[in-house]
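Chain by chain, the residues run as shown.
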Amino acid sequence: MLPPRPNGLQSSLFLASSDNHEPRMNSDQIRESPAESASSWPAVDAAAQKKLENQKVEDDYYEQSVTRGRSSANRISLLDIARERVDIISEQMYLLPNEYLDELKGRLRAMLEGNGSSQQRDEFMVLQRLVQRRSDLTAETLIKAHRVQLEIIVAIKSGIQFFLHQSMNLSQTALVEVFVYKRCRNIACQSQLPAEDCLCEICTNRKGFCSLCMCVICNKFDFEVNTCRWIGCDSCAHWTHTDCAIRDKQVGTGASSANGLGSAEQQFRCRACNRTSELLGWVKDVFQHCAPTWDKESLLRELTVVSKIFRLSENTRGRQLFWKSEELIEKLKGGVAEAIASRSILSFLQELEMDSQKSSEAGINGRMMPPQEACSRIAEVVQEAVQKMEIVADEKMRMLKRARQALEACDHELEEKAKEVAELKLERQRKRQQIDELESVVRLKEAEADMFQLKADEARREADRLQRIALAKSGKSEEDYASSYLKQRLSEAEAERQFLFEKIKLQDQGSRSSQSNDMVDPPQALYTKIQEILKSV
């Protein structure tokens, strides 16, 4: 069996994390690739995929959500980069400030760090589908792209946000090779594909697959090393997630030819080459090399993985290892130090190996033995079987107890949920009544508003009519006043003229005897005054 997964990737593990902590030795301590650990996001559920296909939202959907409003004439959006020609976008990006380009990368990074938000997942799906459908994105066109433009395109296609980080120092050529599946997209690997010039069917036909760091079954990678979570094939050196192998039924009991007796052993069957590898010795090697460096949580996880592997084992040693793993898991949860548990499992694995060697020697030397020894061996086997049955019975009792507790908890939770549903229904009814009341009030207010509007219109028309009447009457009264005033002034002037005329006449008659020089001036003055009066009128 292959040794524990090689840690040659560790030299560049710090590249895949936003912080600069040193890489550690177990799965919980090494940060997973943000995209590969979740199948690079595109694996949304069927309902979301159908929704996207039915809506055909490459343009309209993005107008409202991705771009948050289309960019202005001197700005570009993620949608523009995903669907427009490379040379056009490249020319525009050379004119943009670095601050805006960083903001653009930050927007896409926020989508990839969406924490499962359905809207962000759908937005990213739109971008990725646009990029995947384009036929003009070749190595020749991408090599001429703007650096930030290429980083965004590669991040959209791979779903890996590290291609947007400032610490990413891949060359333009390397990014293009990642895009066209000529280089591994794992930042910590970066092997040329196919890795080590492998000619197997998987490496040849599966685009972007790297046999050095990716799982043969799920096609994902992570940065876990020195762990039982990865199983390596003895024959072709391809790697597989332990959980994937168990789920895909690549782990099971099979005949082993290692001891020459063809006994049943727990084995792993590689999907790449269809050959088997023995698992018990592999677990022993992993624990011997790595257990001293594990902390308590790491040891718990590794024992859990071993328990999963040998849970359905039909081999005696596999069942013993399963029981021992379960026992140590319970002890660790109960407070036993990890050093004691580590020594215990290592000692147990060595005992299993010694028992296997003794069984092999006994099989080789012959199967004949004295009756007393045979009886004692039978008694030992029976006693061991009874002990195992007792262990199994205890385990079943614990499982039954946990199941009952879980059932009671579920019943209690179901009752609480039923109460919450009843309360929600009552609240809904109250809200419905309030809504009906508000709607009736709104209708009443609308009717009052219409009535007041009608009255206001009538009052406005009446005011206009009265204003016209008032204006007409005001004009006529002014004309009448002016006419009466002029008539009065004319009559007064006529009376004054008559009075002056009579006065002149009297003066003329009374002073006929006077001299002519004395008579001229007074009548002339009176005549001038009469002319002025008539002119004013």
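Residues numbered from 1 in each chain as written. Predicted model: local features only at pLDDT ≥ 70, side-chain atom pairs only at ≥ 80, totals over all residues. Heavy atoms only, no water.

As recorded in an unreviewed UniProt entry, the chain goes by the name Protein oberon 2, listed as coming from Nicotiana attenuata. Its UniProt record gives the chain a comment under Subcellular location (unreviewed entry), which states: "Nucleus". (UniProt positions renumbered as here; feature names shortened; annotations may be inferred.)

Brief notes about the pairing of strand β4 (residues 264-269)
Pairing analysis gives five bridges linking strand β3 (residues 251-255) to β4, with the strands arranged antiparallel. Paired with alanine 255 across the two strands is alanine 264, which belongs to β4. (Pairing = 2+ DSSP bridges. Helix = DSSP H or I, 4+ residues; strand = E, 2+ residues; numbered from the N terminus.)

Examining the nonpolar core
Ranked by internal contacts, the top residues of the largest apolar core, which has 58 residues, are Ile76, Ile81, Leu108, Leu142, Ile152, Phe163 and Cys210. Breaking this core down by element, the ones donating at least two residues are α3 (78-83), α4 (86-94), α5 (98-112), α6 (118-133), α8 (147-158), α9 (172-179) and α10 (201-205). Of the residues forming this core, the biggest block, seven residues, is contributed by α8. Shared between two domains, this core takes at least three residues from each, and those domains are domain 1 (74-180) and domain 2 (215-355). Within the second largest apolar cluster, 35 residues are counted, among which are Val305, Leu332, Leu346 and Phe348. (Core = buried A, V, L, I, M, F, W, Y, C linked by side-chain atoms within 4.5 Å. Buried < 20%, exposed > 50% of the residue type's maximum accessible area, 1.4 Å probe, protein only. Domains from an automatic or database assignment.)

Overview of the sheet that holds strand β5 (residues 276-278)
Strand order in the open sheet formed by three strands is β3-β4-β5, with antiparallel pairing between adjacent strands. In this open sheet, the two strands that pair with only one neighbour each are β3 and β5. Each strand of the sheet is rotated relative to its neighbour by a mean of 50°, with strand direction disregarded. (Axes fitted to C-alpha atoms, helices over the stretch in contact; angles between N-to-C directions.)

A closer look at unusual backbone geometry
Here the amide bond leading from leucine 193 into proline 194 is cis, since omega sits at -5°, within 30 degrees of zero. One non-glycine residue, asparagine 226, adopts positive backbone phi at about 55°. With respect to the helices and strands, the residue asparagine 226 is situated in the loop between α10 and β1 (230-232). With a phi close to 65°, alanine 237 is a non-glycine residue in the positive phi region. Considering the arrangement of structural elements, one finds alanine 237 in the loop between β1 and β2 (239-241). By relative accessible area, which is 34% here, alanine 237 ends up partly exposed.

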